[in-house]
Amino acid sequence: MTLEVLEQTIFDMVQTGKGILAADESQPTMAKRFKPIGVEATEENRRAYRSLLLTTPGLSEFISGVILFEETLLQASDDGTALPEILVGQGIVPGVKVDKGKGPLPGATGDLVTYGLDGLAERLQGYKQQGARFAKWREVYPISQSNPTPLGIEANAEMLARYAAVCQTESLVPIVEPEVLMDGEHDIDRCAEVTEAVLHAVFHALHRHNVILEAMVLKPNMVLPGKECSSHASPEQIAEATVRVLRRSVPAAVPSINFLSGGQEPEESTINLNAMNACFPNEPWELSLSYGRALQQPALQAWQGRAKNGEVTQQALLKRARLNGAARRGEYSPEMEQES
Ligand code: 13P
């Protein structure tokens, strides 16, 4: 029974030409996103903004799932409809971020670890009643000369696998998100080396914990040069490096790989996803997206905290969703940015 539920959720979440919108920012992250547009991160402002995003007409043509923050599961749109219900009405699967943020990993200077395993099963039961059908958990790996350490890689893999196993027991599809950060001067080869080690450890741990690979989604970083790296990489080089690492470490049983944007500009993340699908159309997994900032940034800019900007906000989101839909098929071109 549980397996059938998981399979149905995967079927609904993983669809050709569609991706997942990450709208699961925690309160402090939301405050960070609102600050540049001068909007106070009150509960009402978060609700108003997210309600606009989720009620965007036509969103389901390009988006098959939305990751929500737990607060949003209990919020309603202006007409009083519960926000998860609005998604379901459009044929979009609601999911929820279930980790409790990160802190230093004792014994591994410079590495981080995520909190939230205690009581997770009970929390998942509650989220399920509120409409969530999948979950997300993120582990973060900063790159330095000595990080991530072997202990950091192992401890984080163990967390992701334990989380994923609990999710599947509770009939929720786990999105497993190991994020190797873009910060730093490292080059693309160093990012590839770290990402490969991280993914190898994650899949080893998922295997140890009997996680059903067919019933999960992987949400990794793309393999990129660090933000402060002096040498540039082309979209084709990024696509090649990323797919090489994925081929070496992600079993073909995994149905979908949904990249995070991780601080890439919206256009950049679309170009890179497009290169991946254009250069490598026959991989065993879908090469898809689960962007937060790269889908929302233009919408947030358009909104400015004003109800009268509702329509342009929704148009901005829909445009990025549509362009990423084209990138999912390897059919995006930069000229499409000029279309309204
Ligand atoms: P970004 O695409 O902004 O990196 O966010 C994705 C996400 O869900 C991070 O956990």
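As shown above, the structure is provided for reference.
Please read these numbers as outputs of a predicted model, since none were measured by experiment. (Residues numbered from 1 in each chain as written. Predicted model: local features only at pLDDT ≥ 70, side-chain atom pairs only at ≥ 80, totals over all residues. Heavy atoms only, no water.)

Visitor: Quick one: what's the story with the nonpolar core, residue by residue and with numbers?
Guide: Within the largest apolar cluster, 97 residues are counted, with the highest numbers of intra-cluster contacts made by Tyr163 and Leu206. By residue number, the principal contributor to this core is helix H8 (residues 188-208), which donates eleven residues. Aside from chain neighbours lying at most four places away, what touches Tyr163 is Val98, Leu117, Leu120, Ala135, Lys136, Trp137, Pro174, Ile175 and Val176. Core analysis: the next-biggest nonpolar cluster, separate from the first, contains 13 residues, Leu6, Ile10, Met13 and Ala22 among them. (Core = buried A, V, L, I, M, F, W, Y, C linked by side-chain atoms within 4.5 Å. Buried < 20%, exposed > 50% of the residue type's maximum accessible area, 1.4 Å probe, protein only. Helix = DSSP H or I, 4+ residues; strand = E, 2+ residues; numbered from the N terminus. Contact = heavy atoms within 4.5 Å.)

Visitor: Please provide a residue-by-residue account of the sheet that holds strand E2 (residues 63-68), values included.
Guide: Spatially, eight strands are ordered E1-E2-E3-E6-E7-E8-E9-E10 in a closed barrel, and the strand pairing comes out parallel. Packed on one face of the sheet, helix H12 (residues 310-328) meets strand E1 (19-23), E2 and strand E10 (286-291) and runs near 160° to E10. (Pairing = 2+ DSSP bridges. Axes fitted to C-alpha atoms, helices over the stretch in contact; angles between N-to-C directions.)

Visitor: Lay out empty space enclosed by the protein with the relevant residues and their values.
Guide: According to the stated counting rule, one finds three cavities of 30 Å³ or more in the structure shown. Every residue along the wall of the largest cavity is listed here: Glu179, Val180, Met182, Asn221, Met222, Leu224, Leu260, Ser261, Gly262 and Gln264. Looking at side-chain class alone, the lining of the largest cavity contains five nonpolar, four polar and one charged residues. (1 Å grid on protein atoms, 1.4 Å probe; cavity = no way out; pocket = protein on both sides within 12 Å on 5 of 7 lines; lining within 4 Å. Points joined across faces, edges and corners; volume = space filled by probe spheres on them. Nonpolar A, V, L, I, M, F, W, Y, C, P; charged D, E, K, R; others polar.)

Visitor: Please provide a residue-by-residue account of the site of the ligand, values included.
Guide: Near the ligand lie 13 residues; those nearest to it are Lys136, Lys219, Ser261, Gly262 and Arg293. The side chain of Arg138 places a nitrogen or oxygen atom 3.5 Å from an oxygen atom of the ligand. In this structure, an oxygen atom belonging to the ligand sits 2.5 Å away from a side-chain N or O atom of Ser261. When the ligand is considered free in solution it has 300 Å² of accessible area, and contact with the protein chains removes 92% of it. Taking a 2 Å distance to the grid points as the criterion, the majority of the atoms of the ligand fall inside the largest pocket. Mapped onto the shell around the ligand, the elements with two or more residues apiece are strand E6 (134-141) and E10. Counted by class, the shell around the ligand contains three nonpolar, four polar and six charged residues. (Near = heavy atom within 4 Å. Polar contact = N/O pair within 3.5 Å; in protein donor to acceptor, adjacent residues only side chain to side chain. Areas by Shrake-Rupley, 256 points an atom, 1.4 Å probe, with all protein chains shown as cover. Sits in = over half its atoms within 2 Å of the grid points.)

Visitor: Got a sec to walk through the environment of Gln75? Specific residues and values, please.
Guide: Among the secondary structure elements, Gln75 is positioned in the loop between helix H4 (70-73) and helix H5 (83-90). Classification of Gln75 as buried rests on a relative accessible area of 5%. Every residue in contact with Gln75, bar those within four places of it in the chain, is listed here: Glu43, Arg47, Thr81, Ala82, Leu83 and Pro84.

Visitor: Tell me about the pattern of salt bridges, and please be specific about residues and values.
Guide: As enumerated under the stated definition, the model contains 21 salt bridges in all. A salt bridge links Glu71 to Arg46, with the shortest nitrogen-to-oxygen separation between them at 2.7 Å. Highlighted residues: Glu71 in helix H4 and Arg46 in helix H3 (residues 43-54), separated in sequence by 25 residues. By relative accessible area, which is 13% here, Glu71 ends up buried. The salt bridge partner of Arg248 is Glu196, with a shortest N-O separation of 3.1 Å. Taken together, the residues span a long stretch of sequence, with Arg248 in helix H9 (residues 235-249) and Glu196 in helix H8 at a distance of 52 residues. Look at Arg248 and you get exposed, because its relative accessible area is 54%. (Salt bridge = Lys/Arg side-chain N within 4 Å of Asp/Glu carboxyl O.)

Visitor: Lay out the packing of helix H2 (residues 27-34) against H3 with the relevant residues and their values.
Guide: Contact geometry of H2 with H3 gives a least axis separation of 11 Å together with a crossing angle of 75°. It follows that H2 is roughly perpendicular to H3 by the angle criterion. Judged by residue contacts, Gln27, Met30 and Phe34 of H2 engage Asn45, Arg46, Tyr49 and Arg50 from H3. (Parallel < 35°, antiparallel > 145°, perpendicular 65-115°, else oblique.)

Visitor: With reference to specific residues and values, describe the layout of surface pockets.
Guide: The probe, sized like a water molecule, is rolled over the atoms to show the empty space still left. In this structure, the largest pocket encloses a volume near 840 Å³. Forming the boundary of the largest pocket are 36 residues, of which Thr29, Arg33, Lys97, Arg138 and Glu179 lie nearest the centre. Only H2, helix H6 (120-129), E6, strand E7 (173-180) and E10 provide two or more residues apiece to the lining of the largest pocket. When residues of the lining of the largest pocket are assigned to their parent elements, the largest contribution, four residues, is made by H2. Its residues assigned to classes, the lining of the largest pocket shows ten nonpolar, eight polar and 18 charged.

Visitor: How would you explain unusual backbone geometry if you had to name every residue and give the values?
Guide: Omega for the bond connecting Asn147 with Pro148 falls within 30 degrees of zero, at -5°, which places this linkage in the cis form. When you line up the elements, Pro148 lands in the loop between E6 and helix H7 (150-169). The backbone of Ser171 shows a phi angle near 65°, a positive value even though the residue is not glycine. Tracing the sequence through the fold places Ser171 in the loop between H7 and E7. Owing to a relative accessible area of 15%, Ser171 belongs among the buried residues under this scheme. If you check the backbone angles, Gln304 has positive phi at about 55° while not being a glycine. For Gln304, the location among the structural elements is in the loop between helix H11 (293-303) and H12.

Any functional reading would require information that these geometric values do not contain.
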